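# Tertiary structure, described
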Amino acid sequence: MELIDQLTNLASRVQKQVGHIQTEEATKNALVLPFINALGYNVFDPTEVVPEFVCDIGTKKGEKVDYAIFRDGKPIMLIECKHVGADLNINHAGQLFRYFHVTEARIAILTNGVTYKLFTDLEQPNKMDERPFLEFDLFNFHENDVTELRKLSKATFSIDDMLFAAYNLKYMRAFKKYFEEQFHQPSNDFIHFVSKQIYDGVLTPKLKEQFSALVHRSFQQFLNDKINLRLRAALVEPNSTTILTSEYVAAKPEETAVVAEPDGKDKDIVTTVEETEGFMIVRAILRKMVPVSRVVMRDVQSYCGILLDDNNRKPICRLHFNGSKKFVTLFDQEGGERVDIDSLDDLYGLASRIRAAVERHETRIKEAPLA
């Protein structure tokens, strides 16, 4: 079975059990050991997975780390476990720091059974970094996360490949975080840097204030434009030679603008590129039925809702793209139904049902009695 399938099955089982796990030992048995097993290591082989690994460190005798994974008689990974739900800050990794310094292991993992933080020594040789190069969430992971995690598996483990990947992941995470922060709220330094690339004069306080809003809007419009270009080039309905976006692209600018406002006031909600693309596909599917300006997206914490006329009583569908398995909720006369999908292209296979939902809403409007 593929690693992603094993992790998906594990996540499904753990979600039902996590409320019954009361101790750190139970966390290890129910969550951590199955995770290690999914990576291909035999948890019943004491030459491969060593529980309560002991290593004397200077004057400290008999200190233990929860698990050490061995290869060719040498430790390659150290794992420190906390109770499920426990906070995983760097203060909880004291033993990992000490063991990392005196063993040959180059990978250290701090986990509560659901979240796994992976560390190495990119900053200083033989000293574990304070920041992880990868965080894996069993309840919310993507295929890219599994691709990186697979490098730790028994079948493909290579310390050189892992360290190279760790280096790239660490700095890509930092860059992506910075870009995300600037996308939502550009800093003064970022605004100053960008403005100086465009404007040769003196940046007065008034100009900085004006440029601040322009940089923010330009950044967001740039991303939306890139998404639109991708859709124009690639969105083709299955079993058809007609590009659905042919009329859609010709729509008025105000119609093609992405509407992605959250339903509430939660500033932590981030609309992903996949959700935006899914929304655009639904608009393309419905283009011949209704003006696209009537098809509105509302992003909330657990799903991305698509509504007709921005009305909660007129749901078209819901996109659930934040977990390990993508699925869509479709609405008919009996209510909502979950439909699993493998990729955004699968939305086209649901076109008839998406159109049917809008048709029902339109029919109700026509049949509604006049006041």
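Since the structure is predicted, the reported quantities are computational estimates derived from the model, not experimental observations.

### Topic: the overall build of the protein chain
Counting its regular elements, the protein chain contains 11 helices and 12 strands. Evaluated residue by residue, the protein chain yields a buried proportion of 42% over its 371 residues. Looking at the protein chain alone, contacts between residues at least 24 apart form 53% of all its contacts between residues at least 6 apart. As presented, the protein chain carries roughly 20900 Å² of accessible surface, and 51% of it is formed by carbon and sulfur atoms.

### Considering the sheet that holds strand β5 (residues 115-119)
Taking strand neighbours across the sheet as the criterion, the six strands line up as β1-β2-β3-β4-β5-β6 in an open arrangement whose pairing is mixed. Strand pairing shows two members of the sheet lacking a second neighbour, β1 (49-54) and β6 (134-137), which therefore form its edges. Going from strand to strand, the sheet's axes swing by 25° on average, the running direction of each strand aside. Contacts between helix α2 (residues 24-38) and the sheet are confined to β1, β2 (64-71), β3 (74-81), β4 (107-111), β5 and β6, with β2 contributing the most and set at about 15° to the helix.

### Points about helix α3 (residues 94-102)
When we look at burial in α3, the residues that qualify are Leu-96, Tyr-99 and Phe-100. One side of α3 carries all its buried residues, which in axial view fall inside an arc of 105°.

### Re the confidence of the model for the protein chain
Of all residues in the protein chain, 84% attain a pLDDT of 70 or more, and the chain-wide mean is 81. Below pLDDT 50 for its whole length, residues 234-265 participates in 64 contacts with residues either more than four positions away or in separate chains.

### Section: the nonpolar core
Grouped together as the largest cluster of nonpolar side chains are 42 residues, with contacts concentrated most on Leu-7, Ile-36, Tyr-41, Met-77, Phe-136 and Leu-152. Here this core gets seven residues from one element, more than from any other, and that element is α2. When neighbours within four sequence positions are excluded, Ile-36 is seen to be in contact with Tyr-41, Val-43, Val-49, Tyr-67, Ile-69 and Ile-79. By size, the runner-up hydrophobic cluster in this structure holds 26 residues, among which are Ile-281, Cys-317, Phe-321 and Leu-330.

### Some details on a nonpolar patch on the surface
A cluster of nonpolar side chains, namely Tyr-167, Tyr-171, Phe-175, Tyr-178 and Phe-179, defines an oily patch on the protein surface of about 530 Å² accessible area. By the element assignment, Tyr-178 lies in helix α5 (residues 159-184). Accessibility expressed as a relative area gives 36% for Tyr-178, which makes it partly exposed.

### Description of the pairing of β5
Of all five residues in β5, four are buried; the element is thus mostly enclosed. Judged from the four bridges that link them, β4 and β5 form a sheet pairing that is antiparallel. When the sheet's bridge partners are listed, Thr-111 is paired in β5 with Tyr-116. Linking β4 to β5, which pair antiparallel, is a turn of three residues; within it Gly-113 sits at a positive phi near 90°.

### A word on the packing of helix α1 (residues 3-17) against α2
Between α1 and α2, the shortest axis-to-axis distance is 10 Å and the interhelical angle comes to 170°. If you check the angle between α1 and α2, you find them roughly antiparallel. Side by side, α1 and α2 meet where Leu-3, Gln-6, Leu-7, Leu-10, Arg-13, Val-14 and Gln-17 of the first sit next to Ala-30, Leu-31, Pro-34, Phe-35, Asn-37 and Ala-38 of the second. Among the residues forming the contact of α1 with α2, the class breakdown is nine nonpolar, three polar and one charged.

Cut-offs used in this document
- Residues numbered from 1 in each chain as written.
- Predicted model: local features only at pLDDT ≥ 70, side-chain atom pairs only at ≥ 80, totals over all residues.
- Heavy atoms only, no water.
- Helix = DSSP H or I, 4+ residues; strand = E, 2+ residues; numbered from the N terminus.
- Buried < 20%, exposed > 50% of the residue type's maximum accessible area, 1.4 Å probe, protein only.
- Contact = heavy atoms within 4.5 Å.
- Areas by Shrake-Rupley, 256 points an atom, 1.4 Å probe, with all protein chains shown as cover.
- Pairing = 2+ DSSP bridges.
- Axes fitted to C-alpha atoms, helices over the stretch in contact; angles between N-to-C directions.
- Arc of directions from axis to C-beta.
- pLDDT = per-residue confidence, 0-100.
- Core = buried A, V, L, I, M, F, W, Y, C linked by side-chain atoms within 4.5 Å.
- Patch = residues over 30% accessible without salt bridge, like charges linked within 9 Å, V, L, I, M, F, W, Y side chains within 5 Å.
- Salt bridge = Lys/Arg side-chain N within 4 Å of Asp/Glu carboxyl O.
- Parallel < 35°, antiparallel > 145°, perpendicular 65-115°, else oblique.
- Nonpolar A, V, L, I, M, F, W, Y, C, P; charged D, E, K, R; others polar.

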